[in-house]
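Chain by chain, the residues:
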Amino acid sequence: MASLQFSIFNFQYAIAGWGLIVLLSACNGVMDGIYDEAPKPAEGEIYVDATSWTEWHYIQLPVTSYQLPATSPNDQTTNSPISTYDIPTTPTAEFDADGTGIYNYWYDVFGEGISKREFRSSYPTERQPEPESWDIAVHRNNVRTNGGAVYQTSLTDINSVGTSAMYATLPFVEDEWSETDVWAVNTQMVQGLIGNQRIKINTELGKWLTMEIPPMPPRFNYNGNVFILRLKDGTYAALRLKNYKTPSNLNCGLTIEYKYPL
């Protein structure tokens, strides 16, 4: 009987591990061996391959010309609207005043879902590197602004947004600190443990693509509404996520419609 119970335990553990591998591959293409050639966006669009767990991609508005992003992180292409930087994961001596680092949480992936989580440990890292000038940054289904704020409209046609004066008095949402949403380290994922980057993100703009677990593999919920971005210089842009699939149908290949300035 003990041998039978041990075998059942091993089988359940293997199934759980396989499910987590599926979760891992759902957003970064592990196991599929497919090379994604970035599509050439139409005018008024930009494409970002945000499938990686370990990179932030920074976008500067206005996008006056389109070039492919650098082929490796931290090696930038001159005049490219996209700059890619690695998420720091190497431990440093101590936390800074903002608590910059990696925060490890256990998620109840095969039970109540990722809304149920428990803090386990943390360690300090260097601050997230970024280019000198940028307006929004994306990491999988996470979004940041550079001192900006966001308002979600009910519009689905970016050409119907009108002028900035229409939005000046509306309740915009600024970035806020998170240590549970930017999944960056997956080395202990089989145990349900995920290392999160502590960083400010914009939860309002992040509504354009949300991830739901359960089910497994994850379900991505797409919001096709237009979002208004108020930049830190007081100008306004309209943003809409047109598609979230790569050419080989992986999640987190973001095609973003934009209009700037309003």
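Residues numbered from 1 in each chain as written. Predicted model: local features only at pLDDT ≥ 70, side-chain atom pairs only at ≥ 80, totals over all residues. Heavy atoms only, no water.

**Student:** Where do I start with the overall build of the protein in this structure?
**Tutor:** Across its full length, the protein holds 1 helix and 18 strands. Going through the 262 residues of the protein one by one, you find that 48% of them count as buried. Residue pairs in contact within the protein that sit at least 24 positions apart in sequence constitute 64% of those at least 6 positions apart. Just so you have it, the protein exposes about 13,000 Å², and 51% of that area is on carbon and sulfur atoms. (Helix = DSSP H or I, 4+ residues; strand = E, 2+ residues; numbered from the N terminus. Buried < 20%, exposed > 50% of the residue type's maximum accessible area, 1.4 Å probe, protein only. Contact = heavy atoms within 4.5 Å. Areas by Shrake-Rupley, 256 points an atom, 1.4 Å probe, with all protein chains shown as cover.)

**Student:** I keep staring at the pattern of salt bridges and nothing clicks. Help me out?
**Tutor:** One side chain can pair with another of opposite charge once the charged atoms of both are near each other. A full pass over the atoms with the stated rule returns 10 salt bridges. Here Glu118 ties to Arg120 by a salt bridge, and the two come within 3.0 Å at their closest N and O atoms. The exposure class assigned to Glu118 is partly exposed, which follows from its relative accessible area of 35%. Put simply, Glu204 and Lys207 hold a salt bridge, and the shortest N to O gap is 3.0 Å. (Salt bridge = Lys/Arg side-chain N within 4 Å of Asp/Glu carboxyl O.)

**Student:** Mind showing me how you'd approach the nonpolar core here?
**Tutor:** Where a protein is soluble and globular, its nonpolar side chains tend to be buried together. Counting 37 residues, the largest nonpolar core has Ile59, Trp183, Trp208, Leu229, Leu239, Leu254 and Ile256 as its most contacted members. Those elements that provide at least two residues to this core are strand 1 (45–49), strand 4 (101–108), strand 6 (136–139), strand 14 (209–212), strand 16 (227–230), strand 17 (236–245) and strand 18 (251–259). Of all hydrophobic cores here, the second largest spans 12 residues; its members include Trp56, Ile102, Trp134 and Val185. (Core = buried A, V, L, I, M, F, W, Y, C linked by side-chain atoms within 4.5 Å.)

**Student:** What should I look at first to understand the pairing of strand 15 (residues 219–222) in this one?
**Tutor:** Consecutive side chains along a regular strand alternate between the two faces of the sheet. Bridge count for strand 14 against strand 15 is 4 bridges, and the pairing is antiparallel. In the sheet register, Leu209 faces strand 15, and the bridge partner there is Tyr222. Hairpin geometry of strand 14 and strand 15 is characterised by an intervening segment of 6 residues between the two adjacent antiparallel strands. (Pairing = 2+ DSSP bridges.)

**Student:** Help me understand the confidence of the model for the protein, please; the structure alone is not making it clear to me.
**Tutor:** Parts of the prediction with low pLDDT should not have their coordinates interpreted in detail. Per-residue confidence for the protein gives a mean pLDDT of 84, with 79% of residues at or over 70. Low pLDDT (under 50) marks residues 1–18, which in the prediction has 5 contacts with non-local residues, meaning those over four places away or in another chain. Note that residues 28–35 has pLDDT below 50 and, in this model, 10 contacts with residues that lie over four places away or in other chains. (pLDDT = per-residue confidence, 0-100.)

**Student:** Explain the side chain of Thr125 to me, please; I cannot follow it from the model alone.
**Tutor:** Within the fold, Thr125 resides in the loop between strand 5 (113–124) and strand 6. If sequence neighbours within four positions are ignored, Thr125 has contacts with Pro88, Thr89, Thr90, Thr92, Thr100, Gly101 and Ile102.

**Student:** Quick question: what am I supposed to make of the sheet that holds strand 18 here?
**Tutor:** Strand pairing in a sheet relies on backbone hydrogen bonds, with the paired strands running either antiparallel or parallel. On the basis of which strands lie adjacent, the open sheet formed by 6 strands has the order 1-18-17-16-8-9 and antiparallel pairing. Of all the strands in the sheet, just strand 1 and strand 9 (173–174) have a single pairing partner and so form its edges. Inspection of the sheet shows strand 16 paired to strand 17 by 4 bridges, in the antiparallel sense. Bridged to Ile228 within strand 17 is Ala238.

**Student:** Help me out: how do you make sense of the environment of Lys200 in this one?
**Tutor:** On the secondary structure map, Lys200 appears in strand 13 (residues 199–201). A residue is classified by how much of its surface remains accessible, and Lys200, at 38% relative accessible area, is partly exposed. It is 6.8 Å that separates the C-alpha atoms of Lys200 and Arg144, two residues lying 56 residues apart in sequence. Not counting residues within four places of it along the chain, the set of residues in contact with Lys200 comprises Arg144, Asp175, Glu176 and Trp177.

**Student:** Help me out: how do you make sense of the packing of aromatic side chains in this one?
**Tutor:** To describe a pair of aromatic rings, one takes the distance between the centres and the angle between the planes. All told, the structure shown has 13 aromatic pairs when counted by the stated rule. Between Tyr151 and Phe172, the ring centres sit 5.9 Å apart and the planes meet at 45°, which makes this aromatic pair tilted. With Tyr151 in strand 8 (residues 149–152) and Phe172 in the loop between strand 8 and strand 9, the pair connects residues that are 21 residues apart, well separated along the chain. Ring centres 5.9 Å apart and planes at 70° place the aromatic pair Phe172 and Tyr236 in the edge-to-face group. Placement of the pair is Phe172 in the loop between strand 8 and strand 9 and Tyr236 in strand 17, with a sequence separation of 64 residues. For the pair shown, Phe172 and Tyr236 are each scored as buried. Among the aromatic residues, those joined into a ring-pair cluster are Trp53, Phe95, Tyr103, Tyr105, Tyr107, Phe119 and Trp183. (Phe/Tyr/Trp six-rings, centres within 6.5 Å; stacked < 30°, edge-to-face > 60°.)

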